[in-house]
Amino acid sequence: MSKVVLVADDDDDILLLVTTRLQRDGYEVVSARDGISALALAREHKPRVAVLDVGMPGLDGLEVLTAIRAAEELHDTRVLLLTAKAQESDVRRGFESGADAYVKKPFSPAELAARVRELYEGAR
Amino acid sequence: MTSWRDKPTELLLAAGLVLIGVYFAVPRGNAQSVLYDLIGVGSAVLIAAGTTRNRPSRRTPWLLFAVGNLFFAVADIIFNVLVNPPVPSVADFFYLGGYPLLVLGLLLLLFAAGGHRRVAALGDATIVTFGFILLQWVFILDRIVSDHSLGVGERAVSAAYPLMDIVLLAGLAGFFVSAAWRTPSFLLLVASIAFLLIADEAYGVGPNSYRSGDLIDAGWLLSYVLWAAAAVHPSMRDLSSPARREYGRLSVGGGRIAMLMGALLAPAAVLLIQHLRGIAPLIPALVIASTVISVLVVLRLVGILRALERIRSRERGARADAEQAQRLLEAQNLRLLEADRMKDEFVALISHDLRTPLTSIMGYVELALDDDGESELDPERRTYLEVVARSSQRLLRLVDDLLFVARLQSGRLDLTPSRLDLNEVARQAAEEARGRADAKDLELVVDANGAVPVEADRGRVFQLLDNLISNAVKFTPDGGTIEIRVRGNGGALLEVCDTGIGFTAAEAERVFERFYRTDRAVERQVPGTGLGLFIAAAIADAHGGRISAHPREGGGAVFRVELPLAT
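Small disclaimer: the values here were computed from a predicted structure and weren't measured.

Each helix and strand counted, chain B has 17 helices and seven strands in total. Here chain B holds 567 residues, and 43% of them are scored as buried. Of the contacts formed within chain B by residues at least 6 apart in sequence, a portion of 75% connects residues at least 24 apart. Taken as a whole, chain B presents about 29600 Å² of accessible surface, with 63% of it coming from carbon and sulfur.

See the structure below:
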C-alpha cells in the first residue's frame, strides 16, 4: 500500500498550505491544480488518501471522486472533500458520491491533518 | 316633551282645515266672506311671521310670497265688497299683480338652490309648460279671445288669468324638477301652488257660473293654508340654501318621466277630447304645440345621451389611467425584485469570495503558530500572529453572519430537520464556548439533564445556541457566571442567563432587530454588528418557536427560546 496522499486544489495558496501541513506530519504528498491531473496522479500513485477541492476547473472534486470510485485499482483510496460551500445539500451530495470525509473552508490545518490521519489509519 | 310650540306647522294645518270646514258650514253671506278674507290675510301674515321665525339665508323669496298672497287677499276683499264686480275691476289689478310676485319668489328660490345651472331641469320645465300652454289655449284662451261679445279690455284681463297660470306653472315646474331636496316645506309649497292652479283652471273653464262659496273656494283656501304652512315649517330654510348634491350623476326619476310623458301626450289628449265633444280641433295650435314639445323632448333625449357619453368617456379615461398606473407599478415591482435579487447575489458572492482568502490567512497563521519544533517563534511575533488569528476569526464570523442574513432575506434558508436532543446540542455548544469563557474567567454552568427531543436542523440549532452563548460571553464582565438551562415539559425550553451588562426593558423589545445595538453596548465599546441575536431569532422563528429577552433583577439578562417538542 502506497504511503502517498493526493492533494488537489485550484488555489495555489491553499494547495501549498495543505501540502506543507501534511508533509510536516510525514506524508508523501503529490499535488494537482485541476481535476484531470488529479485523476491522472491518482491512477499513477494509487494514494491512500485523496484531499479534493470540490470547486475545480475541468473535472470538479465530485467528478474526480466518482471516477476514483469507478476505478477498480483505486478501491482502497479514502477521499476527503474540501469545499467553500457550507450548504447541507452539498455535503449530502458529497457523501452520496462516496466521500469518506468532509471539511469546510475555511478550515484549521490541524483539524484537516487530524481528519487525514483518521482516514489514513483507518484505510485497509 | 312636545308641546304645540314644537309643532307649529301641524297646528297651523289643523286650524286651517277647521276654518275651511267652518267656511263651508256657514251660509253664504257676509260672515262667510269675512272668514274667507281672514284666511287670506292670515296666510300672508303667517308667511311673513314664519320667515322671521325661521330666518332663512334668503328672505326675499318668502317676503315676495307674503306680498303675493296679500295681493290675493286684498283682491278677495275688494271682490267681496263689490260683490262680483264686472271685469276689469280693481280686484283684477291685485289678482294679476299677485302672480308675478309669486313666480319671482319661486325663481329666486330656484336660483338660490343653483337650479339655473341645470339645463336639463329647465328643459323639462319648458316642455311641461308648453304642454300646459296648449291646454290653456284650447280650453280657455281661445274661447275668451274669440268671444267678440266682450269688450277688448274685458277680453284682455280675462285672458291674463290663464296666462298668469301658465307663468305660475312654468315657475312651479322649474322649481319642482330642479329640486334635489324633498323637504316637508317643499312638498307643502308644491301642494299649495297645485291647489291654486286647480282652482284657477276650474274657474277658467266656467267663470260665468261662479259664486262666492262654491266648492272652487276650497282650492284657493287650501292654497293659502298650505303656503303659510310651508313658510312656518323649519325645513323652509333648506329651500333657499344651495343644493347639497352636485349634478354628477345621471338620474331620471319616475316623477320627471311622468311629467314629460304627460306633456308629450297633451296634443293627442286634446285632439281626443275635442273629437269626443264634437268640437272642431284647433289645428294650428295643436300643430305648433306638438311640434315644439316633440322638438324639446328630442333635444332633451340628445342631452341625456350626450351626458351618458361624457360619463362613459370619463370612465374610459379613468380606467385607462388606472391601467397605466397598474402597469407602471408592475414594472417597478419587477425592477425592485430584480434589484433585490442582485443584492442578494452580490452579498452571497462577496461572502464566498471573502472566505477563500480567509482560508489562506487563517490556515497560514495557524501553520506559523503551530510549533513544529524546527524554529522557535519569538514571543513578540507570536503575539502579533495571535492578533491576526483572532481578527480573522471575527472577520470570518461576520462574513458567515452576512451570508446567513442574505440567504434568509432571499428566502433561501433551507432547513434539514432531524430528530435531535436539545440537551446534547446545548452541552456541545457550551463545550465549544468553554475556551472563550475560561479566557475571561467566566463560570459556565450547564443544567441539562435527560433528553429533550426536538425536530430541528442540527447545524442551525447549534448556531442559535452558539450565538446566544457567544453573546453572553461577550457582554459578561470577567469573573461572571453564565448558566445554560434546558427543560422539556410541555415544550422545549432553553434559557441562557448571564450576569452581564444587561439592557433596559424598552431595549428588550428591540435586541432581536437587525443591526440593533443597545446603548450600553455602544457606550462600553463591546464589539459586534448586531446580527447575532437577529439570526438567533430567525432560526427560532424558522423552527416554529419563539425567542424572548428579559432583563434580570440586579443586572444581567435571560434569553429564553421555546421550541416545539418532537412528537
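The discussion continues.
Turning to the overall build of chain A, a few remarks are in order. Helix and strand counts for chain A come out as five helices and five strands. In chain A, the share of contacts with a sequence separation of at least 24, taken over all contacts with a separation of at least 6, comes to 61%. Total accessible area on chain A is roughly 5500 Å²; 48% of this is exposed by carbon and sulfur atoms.

For the rest of this paragraph, the subject is a nonpolar patch on the surface. Among the surface-exposed residues, Ile-257, Met-261, Leu-264 and Leu-265 of chain B lie close enough to one another that they form a single nonpolar patch of about 360 Å² accessible area. As for its placement among the helices and strands, Met-261 of chain B is situated in helix α10 (residues 254-276).

Bringing the pattern of salt bridges into the picture now. Scanning the entire structure with this criterion turns up 25 salt bridges over all chains. In this structure, Arg-341 of chain B engages Glu-338 of chain B in a salt bridge whose closest nitrogen and oxygen atoms are separated by 3.0 Å. Here Arg-341 of chain B and its partner Glu-338 of chain B are both found in helix α11 (residues 283-369), three residues apart, which amounts to about one turn of the helix. Residue Arg-485 of chain B is joined to Glu-483 of chain B by a salt bridge in which the shortest nitrogen-to-oxygen separation is 3.3 Å. Through salt bridges with shared partners, a single ionic network connects Arg-21, Asp-25 and Arg-117 of chain A together with Asp-370 of chain B.

This part takes up the side chain of Ser-470 of chain B. Residue and element names in this part refer to chain B. In this structure, Ser-470 sits in helix α14 (residues 458-475). We classify Ser-470 as buried; its relative accessible area is 14%. At 2.9 Å, the side chain of Ser-470 and the side chain of Arg-436 are in polar contact. Among residues more than four places away in sequence, those in contact with Ser-470 are Arg-397 and Arg-436.

Contact with chain B, which involves 17 residues of that partner, is made by 19 residues of chain A. Across the chain B/chain A interface, buried area totals approximately 1700 Å², and carbon plus sulfur atoms make up 54% of it. Taken as a group, Thr-359, Tyr-364 and Leu-367 of chain B account for 32% of the area that chain B buries against chain A, more than any other trio of residues on that side. One can count one salt bridge joining chain B with chain A. Put simply, Arg-21 of chain A and Asp-370 of chain B hold a salt bridge, and the shortest N to O gap is 3.4 Å.

Further remarks concern the confidence of the model for chain B. All names here are of chain B. Put simply, chain B has an average pLDDT of 84, and 92% of its residues get 70 or more. A low-confidence stretch, residues 245-249 (pLDDT under 50), is modelled with six contacts involving residues beyond four sequence positions or located in other chains. We note a pTM of 0.49 for the whole complex and an ipTM of 0.87 for its interfaces.

Residue and element names in this part refer to chain B. Burial analysis of helix α17 (residues 532-542) places eight of its eleven residues in the buried class, the great majority of the element. Residues of α17 that are buried: Leu-533, Phe-534, Ile-535, Ala-536, Ala-537, Ala-538, Ile-539 and Ala-540. Turning to α17, the residues buried within the fold contact α12 (379-409), α14, β6 (546-551) and β7 (557-563). Where α17 ends, the next residue or the one after it, Gly-544, has phi of about 75°, a positive value.

In this section: the packing of helix α1 (residues 12-24) of chain A against helix α5 (residues 109-122) of chain A. Residue and element names in this part refer to chain A. At a minimum axis distance of 10 Å, the contact between α1 and α5 shows a crossing angle of 60°. It follows from the interaxial angle that α1 and α5 lie oblique. Crossing handedness for the pair α1 and α5: right-handed. Across the interface between the two elements, Leu-17, Val-18, Arg-21 and Leu-22 from α1 touch Pro-109, Ala-110, Leu-112, Ala-113 and Val-116 from α5. Here the residues of the contact of α1 with α5 are counted per class, giving eight nonpolar, no polar and one charged.

What follows is about the pairing of strand β1 (residues 4-8) of chain A. Residue and element names in this part refer to chain A. Buried residues dominate β1, accounting for five of its five residues. Side chains Val-4, Leu-6 and Ala-8 of β1 all project onto a buried face; the interleaved residues Val-5 and Val-7 project onto the opposite face, where all are buried too. Bridge analysis of β1 against strand β2 (residues 28-32) gives five bridges, and the strand direction is parallel. Within the sheet, the bridge partner assigned to Val-5 lies in β2 and is Val-29. With α1 bridging β1 and its parallel neighbour β2, the resulting β-α-β unit is right-handed. Alignment of β1 against strand β3 (residues 49-53), held across four bridges, turns out to be parallel. Paired with Ala-8 across the bridge in β3 is Leu-52.

This next bit is on the nonpolar core. One recurring pattern in soluble globular proteins: nonpolar side chains tend to sit buried together. All names here are of chain B. Among the nonpolar cores identified, the biggest contains 59 residues, and Trp-62, Phe-65, Leu-168, Leu-189 and Ile-193 are the most heavily contacted of them. The dominant element in this core, judged by the number of residues it contributes, is helix α8 (residues 216-232), at twelve residues. When neighbours within four sequence positions are excluded, Leu-168 is seen to be in contact with Tyr-99, Leu-102, Val-103, Leu-106, Ile-193, Leu-196 and Leu-197. Within the second largest apolar cluster, 51 residues are counted, among which are Ala-448, Phe-462, Ala-492 and Val-511.

All names here are of chain B. Counted under the stated rule, the structure contains 15 aromatic pairs over all chains. Ring geometry for Phe-72 versus Tyr-95: centroids 6.2 Å apart, planes at 45°, classification tilted. One end of the pair, Phe-72, is in helix α3 (residues 60-82); the other, Tyr-95, is in helix α4 (residues 90-112), with 23 residues separating them in the sequence. Each member of the pair, Phe-72 together with Tyr-95, is buried. Considering the side-chain rings of Phe-72 and Tyr-99, the 5.1 Å spacing of their centres and the 65° angle between planes classify their relative orientation as edge-to-face. One end of the pair, Phe-72, is in helix α3; the other, Tyr-99, is in helix α4, with 27 residues separating them in the sequence.

In this section: the sheet that holds β3 of chain A. Residues and elements named next belong to chain A. On the basis of which strands lie adjacent, the open sheet formed by five strands has the order β2-β1-β3-β4-β5 and parallel pairing. With partners counted over all chains shown, the strands left at the sheet margins are β2 and β5 (101-104), one partner each. When strand polarity is set aside, the average angle formed by the axes of neighbouring strands in this sheet is 20°. The strands touched by helix α2 (residues 35-45) are β1 and β2; relative to β2, the strand with the most contacts, the crossing angle is about 150°.

Turning our attention to the sheet that holds strand β2 (residues 443-447) of chain B. Residue and element names in this part refer to chain B. Strand order in this open sheet of five strands is β2-β4-β5-β7-β6, and the pairing throughout is mixed. Whereas interior strands pair on both sides, the edge strands pair on one side only; in this sheet they are β2 and β6. Strand-to-strand twist of the sheet, defined as the mean angle between neighbouring strand axes without regard to direction, takes the value 10°. Summarising the sheet, β6 and β7 pair through six bridges and their orientation is antiparallel. Directly across from Ser-548, in β7, lies its bridge partner Arg-560. Lying on the sheet, α14 is in contact with β4 (481-487), β5 (492-498), β6 and β7; it crosses β5 at an angle near 20°.

Definitions and cut-offs
Numbers given for residues are sequential positions, taken from 1 along each chain in its written order. Following the order in which they are written, the chains are lettered starting with A and the ligands numbered starting with 1. Given that the model is predicted, a residue must reach a pLDDT of at least 70 before its local features are reported, and side-chain atom pairs must reach 80 or more before they are shown or counted; all residues, however, enter totals for whole chains, interfaces and linings. To obtain the side-chain values, all non-hydrogen atoms of the structure were included, while hydrogens and water were left out. Each helix corresponds to a stretch of at least 4 residues labelled H or I by DSSP, and each strand to a stretch of at least 2 residues labelled E; elements are numbered beginning at the N terminus. The buried label goes to any residue with under 20% of its type's maximum accessible area, the exposed label to any with over 50%, and the partly exposed label to all in between, with areas taken from a 1.4 Å probe on protein chains only. It only takes one pair of heavy atoms within 4.5 Å for two residues to be counted as in contact. Only the protein chains shown count as cover for residues, and all accessible areas are computed by the Shrake-Rupley method using a 1.4 Å probe. Only residues whose relative accessible area exceeds 30% and that form no salt bridge enter a patch; like-charged residues are grouped when within 9 Å of one another, and nonpolar side chains (Val, Leu, Ile, Met, Phe, Trp, Tyr) when within 5 Å. Put simply, a salt bridge is a Lys or Arg side-chain nitrogen that is within 4 Å of an Asp or Glu carboxyl oxygen. Under the rule applied, a polar contact is a pair of N or O atoms within 3.5 Å (in protein, one hydrogen donor and one hydrogen acceptor; residues adjacent in sequence only if both atoms are side-chain atoms). Computed with a 1.4 Å rolling probe, the buried area is the accessible surface lost when two parts are put together, summed over both parts. Values of pLDDT, which run from 0 to 100, indicate the predictor's confidence residue by residue. Lines fitted to C-alpha atoms define the axes, with helix axes restricted to the stretch in contact, and inter-axis angles between N-to-C directions lie between 0 and 180 degrees. Under this scheme an angle from 65 to 115 degrees is roughly perpendicular, one under 35 degrees roughly parallel, and one over 145 degrees roughly antiparallel; angles in between are oblique. Crossing handedness is read from the near helix: turned anticlockwise from the far helix by less than a right angle, it gives a left-handed crossing, and turned clockwise, a right-handed one. Note that Gly is not counted as nonpolar here; it falls among the polar residues with everything else outside the nonpolar set of Ala, Val, Leu, Ile, Met, Phe, Trp, Tyr, Cys and Pro and the charged set of Asp, Glu, Lys and Arg. Strand pairing is assigned whenever DSSP identifies at least 2 bridges connecting the two strands. Look down the strands so they point away from you; if going from the first strand over the helix to the second traces a clockwise path, that crossover is right-handed. To form a nonpolar core, buried Ala, Val, Leu, Ile, Met, Phe, Trp, Tyr and Cys residues must be joined to one another through side-chain atoms within 4.5 Å. Each aromatic pair joins two rings of Phe, Tyr and Trp (for Trp, the six-membered one) with centres within 6.5 Å, and gets the label stacked for planes under 30 degrees apart, edge-to-face for over 60, and tilted for any other angle.

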